[in-house]
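Residue-level structural notes
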Amino acid sequence: MSEYNKIYIPRDSSSLSMGAEKVAVAFQLALQSSNTNDTTIVRNGSRGLYWLEPMVEVDTPEGRVAYGPVKARDVESLVAQGMLEGKQDHPLCLGLTEEIPYLKKQQRLTFARAGVIDPVSLDDYLATDGYTGLKRAIELSPQAIVDEVKESGLRGRGGAAFPTGIKWQTVLGAQSAQKYIVCNADEGDSGTFADRLQMEADPFGLIEGMTIAGLAVGATQGYIYLREEYPHAHEILDEAIAIAEQNNYLGDNVLGSGNAFHLEVRLGAKAYICGEETALLESLEGKRGMVRPKPPIPALEGLFGQPTVVNNVLSLSTVAIILAKGADFYKDFGMGRSLGTMPFQLAGNLKYAGLVEMAFGITLRELLYDFGGGSFNGKPLRSVQAGGPLGTYMPESQWDVKMDYEEMAALGAVLGHGGIVAFDDSVDMAEQARFSMEFCVVESCGKCTPCRIGSTRGVEVIDKIRAGEDREDNIELLEELCETMVDGSLCAMGGMTPFPVQSALKYFSEDFS
């Protein structure tokens, strides 16, 4: 008979891809065969330590003890060697979960519950200070809620870094019978997974943040525009929304406040461009996802022509923390104008890929080596692309930059959504430059000529350079083409596509020989 009664096995998509479902079944069978009827399997979310997934945890008097990465074939030996009795002799034992260095060194605010709770247990959410922010928001005026968000310094975590409170203030001041809250969950940048992890590990955090946003600006309807390639997040969000409705956290009279807020999930169109807020709104209205000219801005004429708050998953999820703990608590983290924390996502050729939430100000080098552990294959790292497929390729000389929106911009680099993709010294940077242009060819909405035609011509010119055809002239032509795209494109898709190309030419010119 087990002394401890909970085993935690993640149910997020990354863990499932590594066999978490088979592990859960194996544990269920092992518990049945050993007549361990008092032990419950809890399907939590991932803690974001992806090289250890599936990471299984068990309760002990000292705290939760982790094992990983666990395969179904390991379950028999884990149980036999006393995992359920608190013994820690198994080779897969990682010790106390909270003491794992990768996790212990982090400053988790937005992701404080990730991997800790059952994502669809309202009791778990409430037990970890969930809905404290909403309850406080109900006691405040709409303007006071907006002021709290402005004071916190929260900026959009989707990439543009626009102050969240200013956007809310604009929508609050707009006169309209109907307003909307739209969550941009169309996460499409290479190497990014923070939105997905948040939705799969702590969906009530997003739901609470969107409800607070509704109270702040007078919106009664919200939509989560979810990337269609995230079926597990879709399932978890729908279940959490239904639970919130049943318990009066959503609906016509939220917690008896007299305020209504309804929330629905809408699936995206499998198009990168729909991560741009106006293209997203077009798609949400049932149209082809194409960029709208600005002005008017969505805060004044957004979804169905009405004032609309469009924020990223992480921005909205962080709102609940700000309202619960206050603006002063949140802005104590960070540096300069980049206040609070940022979930950095380590991907590419790194030994320890995963999510790292830290205050702004940590250096890129610290992320790559103190957390990422250097390259997975032991080769020297050569280049890093931060900020998604439109971000610059950064040489080793720039890795001591502090991860802050302004510090990165001063280098001509992009922080964006916090994705970091590392490349070792075998990478061909001319090929990477070509990929950036080709990505734009595939993903452009086609509305403006510099983006639609410029990217196609860009691929052709890079191919000529790589083939040694009029190399100097074609490099000059490519540089001029990039300038045209930056200056003439309607949105960031075409305007930023040249950034990785220009950086590859500047810092890795030998690869174009």
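Computed from a predicted structure; not experimentally measured.

With respect to the packing of aromatic side chains
In total, this model carries 14 aromatic pairs according to the counting rule given. Taken together, a centroid distance of 5.6 Å and an interplanar angle of 85° make the contact between Tyr102 and Phe371 edge-to-face. Taken as a pair, Tyr102 in helix 4 (residues 101–104) and Phe371 in helix 15 (residues 364–371) lie far apart in primary sequence, 269 residues in all. According to the relative accessible area criterion, Tyr102 is buried, its value standing at 5%. Residues Tyr125 and Phe204 carry aromatic rings whose centres are separated by 5.5 Å and whose planes lie at 35° to one another, so their mutual orientation is tilted. Of this pair, Tyr125 sits in helix 5 (residues 122–127) while Phe204 is found in helix 10 (residues 203–217), placing the two residues 79 residues apart along the sequence. Here Tyr125 matches Phe204 in class, with each residue buried. Members of the aromatic cluster, connected to one another through ring pairs, are Trp51, Tyr102, Tyr352 and Phe371. When the ring centre of Tyr8 is taken as reference, the NZ or CZ atom of Arg64 above it lies at 3.5 Å. The ring centre of Phe371 lies 4.7 Å from the NZ or CZ of Lys105, which sits over that ring.

Let's talk about helix 9 (residues 194–201)
Of all eight residues making up helix 9, eight are buried, and the element is well covered by its neighbours. Among all positions in helix 9, only Ala194, Asp195, Arg196, Leu197, Gln198, Met199, Glu200 and Ala201 are buried.

A few points about the domain arrangement of the protein
When the domains of the protein are assigned, the result is domain 1 (6–99), domain 2 (122–331), domain 3 (334–424) and domain 4 (429–512). The C-alpha centroid of domain 2 is placed 34 Å from the C-alpha centroid of domain 1. Contact residues are listed per partner, giving nine residues for domain 1 and nine residues for domain 2. Interface area, domain 1 with domain 2, both sides summed: about 740 Å², of which 53% is carbon and sulfur. If you sort the residues of domain 1 by the area they bury against domain 2, Arg11, Ser13 and Tyr50 come out on top, with a joint share of 58%. Our count for the contact surface shared by domain 1 and domain 2 stands at one salt bridge.

Concerning the environment of Glu21
Among the structural elements, Glu21 can be located in helix 2 (residues 20–33). Judged by its relative accessible area of 42%, Glu21 falls in the partly exposed class. For the pair formed by Glu21 and Ile9, sequence separation is 12 residues and the distance between their alpha carbons is 8.5 Å. Here Glu21 is in contact with Leu16 and Arg43, once residues within four sequence places are set aside.

A look at unusual backbone geometry
Each neighbour pair has its own omega, and for Glu53 with Pro54 the value is -5°, a cis peptide bond. Relative to the helices and strands, Pro54 resides in the loop between strand 2 (40–42) and strand 3 (56–58). Cis geometry marks the peptide bond from Pro295 to Pro296; its omega dihedral reads 5°. Along the chain, the position of Pro296 falls in the loop between helix 12 (277–284) and strand 9 (308–312). Phi at Asn248 is positive, roughly 70°, even though this residue is not glycine. Assignment of secondary structure puts Asn248 in the loop between helix 11 (231–246) and strand 8 (262–267). Although it is not a glycine, Asp470 adopts a positive phi angle of roughly 45°. Along the chain, the position of Asp470 falls in the loop between helix 18 (449–466) and helix 19 (471–488).

Some details on the pattern of salt bridges
A complete count under the given rule lists 32 salt bridges for this structure. We note a salt bridge from Glu282 to Lys287, for which the minimum N-O separation is 3.9 Å. Taking the relative accessible area as the measure of exposure, Glu282 reaches 15% and is therefore buried. Residues Asp428 and Arg466 are paired through a salt bridge, measuring 3.3 Å at the closest nitrogen-oxygen approach. Of this pair, Asp428 sits in the loop between strand 16 (419–424) and helix 17 (429–443) while Arg466 sits in helix 18, and the two are 38 residues apart along the sequence. Connected through shared salt-bridge partners, Arg47, Glu57, Arg64 and Glu98 make up one network.

Remarks on the sheet that holds strand 7 (residues 221–226)
The four strands lie next to each other as 8-7-6-9, forming an open sheet whose pairing is parallel. Each edge of the open sheet is held by one strand with a lone partner, namely strand 8 and strand 9. Recorded for the sheet is a direction-independent mean angle of 20° between the axes of neighbouring strands. Both strand 6 (residues 180–185) and strand 7 contribute to a ladder of six bridges, which runs parallel. Paired with Ile181 across the two strands is Gly222, which belongs to strand 7.

About the thresholds
Residues numbered from 1 in each chain as written. Predicted model: local features only at pLDDT ≥ 70, side-chain atom pairs only at ≥ 80, totals over all residues. Heavy atoms only, no water. Phe/Tyr/Trp six-rings, centres within 6.5 Å; stacked < 30°, edge-to-face > 60°. Helix = DSSP H or I, 4+ residues; strand = E, 2+ residues; numbered from the N terminus. Buried < 20%, exposed > 50% of the residue type's maximum accessible area, 1.4 Å probe, protein only. Lys NZ or Arg CZ within 6 Å of the ring centre and 35° of its normal. Domains from an automatic or database assignment. Contact = heavy atoms within 4.5 Å. Buried area = accessible area lost by both parts, 1.4 Å probe. Salt bridge = Lys/Arg side-chain N within 4 Å of Asp/Glu carboxyl O. Pairing = 2+ DSSP bridges. Axes fitted to C-alpha atoms, helices over the stretch in contact; angles between N-to-C directions.

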